[in-house]
Amino acid sequence: MTKSAMAATSQASGQVEEEPPGAAARSEVDVEPPSSTADSNRNRLFPHIPEEAWNDWRWQFRHRIHTVEELAELVPLTTREQAQIKLVTTKYPLSVTPHYLSLINFNDPDDPIRKQAIPSFQEIALADIGLEDPLAEERDSVVPGLVHRYPDRVLMLLTNLCPMLCRHCTRKREWQHGGWVRTPGEIETMLDYIRRNTGIRDVILSGGDPLTLSTHRLEWVISRLRQIEHVEIIRIGTRCPVVLPQRIDDELCDMLSKYGAIWLNTHFNHPREVTPESALACDRLLRCGVPVNNQSVLLRGVNDTVETQTKLSHELLKIKVRPYYLFQCDEVQGTEHLRTPVETGIEILEGMRGHTSGLAIPTFVIDLPQGGGKIPLQPNYVLAQLGEEWILRNYQNRIFQYRNPRGLTSPTNGSKNGKRASTHLDLSLDKNSVLAPASGARDENRVIVRS
Ligand SMILES: *Cc1c(COP(=O)(O)O)cnc(C)c1O
Ligand code: SF4
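Given the structure is predicted, the values throughout are model-derived calculations rather than measurements. (Residues numbered from 1 in each chain as written. Chains lettered and ligands numbered in written order. Predicted model: local features only at pLDDT ≥ 70, side-chain atom pairs only at ≥ 80, totals over all residues. Heavy atoms only, no water.)

### Re unusual backbone geometry
Okay, step 1: Between Gly207 and the following residue, Gly208, the backbone shows a cis peptide bond with an omega angle of 20 degrees.
Okay, step 2: Within the element layout of this structure, Gly208 appears in the loop between β4 (202-206) and α12 (215-226).
Okay, step 3: Here Gln370, not a glycine, exhibits a phi torsion of approximately 60 degrees, which is positive.
Okay, step 4: When you line up the elements, Gln370 lands in the loop between β9 (363-368) and β10 (373-377).
Okay, step 5: In this structure, Asn397 takes a positive phi of about 70 degrees despite not being glycine.
Okay, step 6: With respect to the helices and strands, the residue Asn397 is situated in the loop between β12 (389-393) and β13 (399-403). (Helix = DSSP H or I, 4+ residues; strand = E, 2+ residues; numbered from the N terminus.)

### A few points about the nonpolar core
Okay, step 1: Ranked by size, the top nonpolar core spans 75 residues in total, and within it Leu101, Met156, Ile194, Leu205, Ile222 and Leu225 carry the most contacts.
Okay, step 2: In terms of residue count, the dominant contributor to this core is helix α11 (residues 184-196) (five residues).
Okay, step 3: Two domains share this core, each providing at least three of its residues, namely domain 1 (3-125) and domain 2 (141-377).
Okay, step 4: Those residues in contact with Ile194 that lie beyond four places of it in its chain are Leu146, Val154, Met156, Ile200, Val203, Leu225, Ile228, His230 and Val231. (Core = buried A, V, L, I, M, F, W, Y, C linked by side-chain atoms within 4.5 Å. Buried < 20%, exposed > 50% of the residue type's maximum accessible area, 1.4 Å probe, protein only. Domains from an automatic or database assignment. Contact = heavy atoms within 4.5 Å.)

### Examining the packing of aromatic side chains
Okay, step 1: A complete count under the given rule lists seven aromatic pairs for this structure.
Okay, step 2: Aromatic side chains Trp57 and Phe61 sit 6.2 Å apart centroid to centroid with 65 degrees between the ring planes, which places their arrangement in the edge-to-face category. Taken together, the positions of Trp57 and Phe61, both in helix α5 (residues 57-62) and four residues apart, correspond to about one turn of that helix.
Okay, step 3: Take Trp57: its relative accessible area is 10%, and that puts it in the buried class.
Okay, step 4: Under the relative-accessibility criterion, Phe61 is labelled buried at 17%.
Okay, step 5: When the centroid spacing of 6.3 Å and the interplanar angle of 85 degrees are considered together, the rings of Tyr92 and Trp175 count as edge-to-face. Of this pair, Tyr92 sits in the loop between α7 (79-91) and α8 (98-101) while Trp175 sits in the loop between β3 (153-157) and α11, and the two are 83 residues apart along the sequence.
Okay, step 6: According to the relative accessible area criterion, Trp175 is buried, its value standing at 9%.
Okay, step 7: The ring of Tyr150 carries Arg153 above its face, with NZ or CZ at 4.1 Å from the centroid.
Okay, step 8: One cation-aromatic arrangement involves Arg247 over Trp57; the distance from NZ or CZ to the ring centre is 4.4 Å. (Phe/Tyr/Trp six-rings, centres within 6.5 Å; stacked < 30°, edge-to-face > 60°. Lys NZ or Arg CZ within 6 Å of the ring centre and 35° of its normal.)

Structure, rendered in structure tokens:
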């Protein structure tokens, strides 16, 4: 029996009632997986776990890997790696579900799934860079756990618990305070605030991961929100479809289907996370009337290329999940090694727009420091505005002239609301030198002038 097989067995003791046929034989063979497929990993790491247990979110949740010792029993780690991980976890704990662990290819030190789940020494080596709470969420909390930043929507932080602790988490600061779930009293205080503020029409349940609450507790919150007339939509922000897809069970779906417009935003970062289990979870949500959108975080070495983001979007669309946001990784302490320059995100969007389905293209946003809120960043397709004419380029860098409706452009070279006025533009500039794209000599880089 392999070391990892033994570990899985002892870990599961008390869970496994009977050995599935063939499991013993399989665990006898000490082979490296030919590829990093989740199935082969699962069979190797957790060979004796019956299908029923594996597919039960409670089993997955109870068997999260929390310590470097548990991790080292399952996967190859050098002594040095073990020492480093141990040190990191004193500041930033470790938690990975068996499901997510089985997606990691441990033969690849740069595996993009591993980077999101397994602590890196850089988390403490670079820990003095960045801030604990760059978004000033503590300051914008109107009552404990309720962040009210925008006029018509609030964020309800119900717990700090997550099935998996993502190494890039924006709320890493919360990990140090031990696990908490808001008490019914605290939730009542939040509900009171929402009741009194009739401008709030959108409530986002977040955390931590709100789906770590029992379905019963969650229903208690959702049903009370539904009694507030001005609350139009409820959103759930959860990474469960990715890290604990088993959580999306019939009980949860039956409950959600009773409460009207509920939207779910999840957090896939890499195409390999779109597994059959995740596909099933999203399908269940869609069937019970809950649209699923994705909010991914742009991470260095994980998903910071056009190819990976395009593939991620394609995999998501295949399971009917719409890419909503691509987040610039916030300036959070302990995440510096995963952050990318802002330009990377813009370049990725530029590499996608026009080249693939518009549905596949997320909005790239920075959540501004000090609670400035989310702002979208785009490649710039506007080259100039000359009176009524806009000079625009397309995804192939071809240049087009586009005319405003007659008589609606102010003579100061801007639209009437003046927002787009580019007063610094020298109108006498030679047209070609204004319009020539920087990259120059491609055939298709020509000015299209409509007669
Ligand atoms: C992200 C966020 C929201 C929701 O933003 P949308 O752009 O509507 O998705 C609301 N409140 C806070 C504090 C947020 O950080
Ligand atoms: S699921 Fe979200 S809140 Fe939880 S650790 Fe990951 S990024 Fe943080």
